[in-house]
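# Structural description and commentary
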Amino acid sequence: MNWHARWMLPAAVLAAAVMAAPSAPTQKAEEWGSVISNDGSWRVQWRVMMGTKQLSLPEVRKRFTIELRIESLLEPKRPVRAVLVDAQMPDHVHGMNVAPTILMLEGGGAASEGMLFHMSGRWEVDVDIDDGETIERAQWDIGMY
Amino acid sequence: MAIALCILAASLAQAVPSSAALAGTPAWEAVVVESPVACAIDPAGQVVVADSSGEVVSLSARDGSVRWRVAAAGDEALIEPAGIAVEAGGTLLVSDARARRIFRLAKDGTRVGVLEAQSPIAIPGVVAVDPSPSGGGRIAIVDRADGGVHIVLPSGQSFGRLPAELFNVDGAVCVPTAVAFRPNGELIVSAAEQDRVFVIDLGTGADNAHRTASWGGRGPFPGLFRGPSGVAAAGEWVFTADTFNHRICRQDAKGQGRLAYGQHAIRPRDGNGAVHYPRAVSVTESVQRGDSTGPLAVVCEPFERRVQAFVPGFGSEPADMRLELPNLDGVQSHFGGAAALGGDRLALHDPESGTVVIFDMLGGTPRHVSNMSASGAKPHETGRIDALWMDDRGRRVLLADGGLRRLALWELTERPKEIIFEPFMAKLVKTRPYDRLETGPNCMVVALARGVGGEVLALAQPGPHLVRLDPSLRTVESLPIALPDTTAQPTGLAVGSDGRVAVLLDRPAMLCFFERTEKAWQPRGVLPLKELRDARSVASLEGGEWLVTDSAGDQVVWIGSGGIIRRVGTRGVADGQLWLPSAAVGDSQGRAIVVDSGNHRAQRFGAAGEWEMTFSLGRTYTRARSADEVLKVKRRTPSPTSAAPLPQGKGGEQ
């Protein structure tokens, strides 16, 4: 880490503590959260599963699955060729300590198994959707406070 | 009591050797080369250096004085030497990435032939010669085109190309950059972009070669690298030019050992043991140095236009040896070779952290307002940034990442009312791998420009091709363009206010103009720029002018229809001077913002070429400083390297 990055980290943490808290989306059990990808090409619905039970939020230090429904918003529709799911804590400049397993499901769905949020705070979930030409990101925050 | 403590301290100091004494004591430095990218040591007492500006230079191993030079001349001129090695008989092998040949030179530099390698090597890069008795003088050559490692015999007969699978680690493909042979014939290979070093046993043929060790990973700690772009071997040790950690690492053939030498140069031009972006290293256990023989390590630093020699230590380091961190005073930023200006925002690249930094330019002085990305391989991380693009509102930034071979599109939030540093201003929108740009294999994007209607125009090699992308990075069209038949490489791209597209070639420098017709890009003339030594970037200005950086010439020029109309910059560190400027962008007022990479800063010049300010991530200076002020050198008399006369201006430090 060079010197300015070292100084910027505390500033980033401070700024994030002020800004990030209210941005976590709300999602009730039995419902799917929804987000539009960053270039508007996809609608991504998501829910958190622990085993067969749906949760409104993951639990800290417990493995969980994120299930996804992905719908093309472009005309003509684009196929989903591959999906990458990851999570990071931007305020702390690190990601998860584990690599999830991605399962592609019938009908444009996917499941990311083995996710683990190992600490409290703001987590950003990143879903990168590959249509064979570009790989577009959808992202949302989950507040673990 | 105090005396007892002093005695104790003195005895401890004697018991634990200093890191400099063991790890590499500075022997000499030679500032007689322009761009040293490879070196080799002839045991008879000379150090030969491949200078990518077009020379091979022989230095005395004793003191670094020049013994001879082979300059570019004639039909078989050296154009871009990229690798150099000494064969058993003392002849030199010099690979030339532009002439696309490997020359043989005698000890005195005279041309004696060409290595006619049977292997299909497109762009020869680093070369190494096997010194082991059983190796038969076999030669390893890195092909820059695809990172292939070819082994050939001295006759040119092919021993084979090493399988790419040898360089796969945990499913990730590593691309070889440099090679060196160990005394026992094992091949050391470094992959600079992936921060790894490999040891390969070549066996009886390339097909049965196997990896005996591999180590690395990105980071500053011992055993990790940040851009290991050169390797060497001597005795039981492997030496690595760890470019962005500014050090030479020494480890055994299993990657064990944490000794490094060279201290990070804190201010530009620091030497005498301080190392700045080392590109290559060569080490020998025994070389003739005047009346004596002994070990020597030689380090190439193209960033400093310098070669430094160290007397390396081959003994075991003490267990408690620690590297001292230097005082960081004076370092503000590191700017690479890419810049983009859109609206009131300026994007610059920091190659050390892999970050793109964003400045708000609306006020009187640039203000650093955000960072995006960091080094790594995830979708939101970066490898090596070759070009930047920004839309005309300063909202979207496109990164051409040659390390990860993809385009990455980012979006910034709207300009806030209050200008503060906002770490989460940017988010990744999407990426697009180069191999999906439909320009052929081994595609690399070398430049980006704003096209018509918000389009992105990308200049891609090989071809070259001009690729039009819509604002969502989807291909509108991809067409080849016809450049003059020259060894010059395209380095820049800009779209003029009249719609003409300008492609910049580096050396010989020229601007090639194109116009889009119904079916193709039609050539619309060439403007030679013979006064430039190494043209690196072009930007368009209002009124049909162009702004071109000349990296090797340490200058920036304004170009009109008839040629150069204005120039700024001389070689140096004073404000108004430049050192290896890598990019420039022009604002709506005709001013030039120049990335002064070699001085770790940016400078702004007015439309008439007058110096206005120097800025970085830290301070902004609007009063021009002398070289001594920049380097914080205190002298009784002015330094001869001070800029004279200095630009006159009021203002100060902000």
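Bear in mind that the values here come from a model prediction, so they are computed numbers and not experimental data. (Residues numbered from 1 in each chain as written. Chains lettered and ligands numbered in written order. Predicted model: local features only at pLDDT ≥ 70, side-chain atom pairs only at ≥ 80, totals over all residues. Heavy atoms only, no water.)

## Section: the overall build of chain B
Helix and strand content of chain B: three helices and 53 strands. Here chain B holds 654 residues, and 58% of them are scored as buried. Put simply, of all contacts in chain B between residues at least 6 apart along the chain, 49% involve residues at least 24 apart. Carbon and sulfur atoms make up 51% of the accessible area of chain B, which amounts to about 25,400 Å² in all. (Helix = DSSP H or I, 4+ residues; strand = E, 2+ residues; numbered from the N terminus. Buried < 20%, exposed > 50% of the residue type's maximum accessible area, 1.4 Å probe, protein only. Contact = heavy atoms within 4.5 Å. Areas by Shrake-Rupley, 256 points an atom, 1.4 Å probe, with all protein chains shown as cover.)

## Describing the pattern of salt bridges
Residues and elements named next belong to chain B. With the rule as written, the count across this model stands at 58 salt bridges over all chains. With a shortest N-O distance of 2.7 Å, Glu55 and Arg69 are connected by a salt bridge. Here Arg69 lies in strand 5 (residues 66–70) and Glu55 lies in strand 4 (residues 55–60), a separation of 14 residues in the sequence. Overall, the relative accessible area of 18% leaves Glu55 in the buried class. (Salt bridge = Lys/Arg side-chain N within 4 Å of Asp/Glu carboxyl O.)

## Re unusual backbone geometry
All names here are of chain B. Backbone torsion omega between Gln461 and Pro462 reads -5°, so that peptide bond is classified as cis. Note on placement: Pro462 falls in the loop between strand 38 (456–461) and strand 39 (465–469). With phi around 55°, His600 is a residue other than glycine that occupies positive phi space. If you trace the backbone, His600 turns up in the loop between strand 50 (592–596) and strand 51 (601–605). The class of His600 is buried, set by a relative accessible area of 8%.

## A word on the sheet that holds strand 38 of chain B
Residues and elements named next belong to chain B. Pairing is antiparallel across the open sheet formed by four strands, whose spatial order is 37-38-39-40. Unpaired on one side and paired on the other, strand 37 (444–450) and strand 40 (475–480) mark the two borders of the sheet. On average, adjacent strands in this sheet sit at an angle of 20° to one another, irrespective of strand direction. (Pairing = 2+ DSSP bridges. Axes fitted to C-alpha atoms, helices over the stretch in contact; angles between N-to-C directions.)

## Things to note about the pairing of strand 2 (residues 36–42) of chain B
Residues and elements named next belong to chain B. The buried fraction of strand 2 amounts to seven of the seven residues, a majority that puts the element mostly inside the structure. As defined by bridge partners, strand 2 adjoins strand 3 (residues 46–51) across six bridges and the pair is classed as antiparallel. Bridging across to strand 3, Ile41 finds its partner in Val47. With antiparallel pairing between neighbouring strands as the criterion, strand 2 and strand 3 make up a hairpin whose turn holds three residues, including Gly45 at a positive phi of roughly 120°.

## Some words on the confidence of the model for chain A
A residue-level look at chain A finds 79% of positions with pLDDT of 70 or above and a mean pLDDT of 85. Low pLDDT (under 50) marks residues 1–26 of chain A, which in the prediction has 38 contacts with non-local residues, meaning those over four places away or in another chain. (pLDDT = per-residue confidence, 0-100.)

## A short note on the sheet that holds strand 44 (residues 521–528) of chain B
Residue and element names in this part refer to chain B. Pairing is antiparallel in the open sheet, where four strands are placed in the order 41-42-43-44. The open sheet has two edge strands with one neighbour each: strand 41 (490–495) and strand 44. Strand-to-strand twist of the sheet, defined as the mean angle between neighbouring strand axes without regard to direction, takes the value 25°. Sheet topology places strand 41 next to strand 42 (residues 501–505); five bridges connect them, and they run antiparallel. Within strand 42, the residue paired with Val495 across the bridge is Val501.

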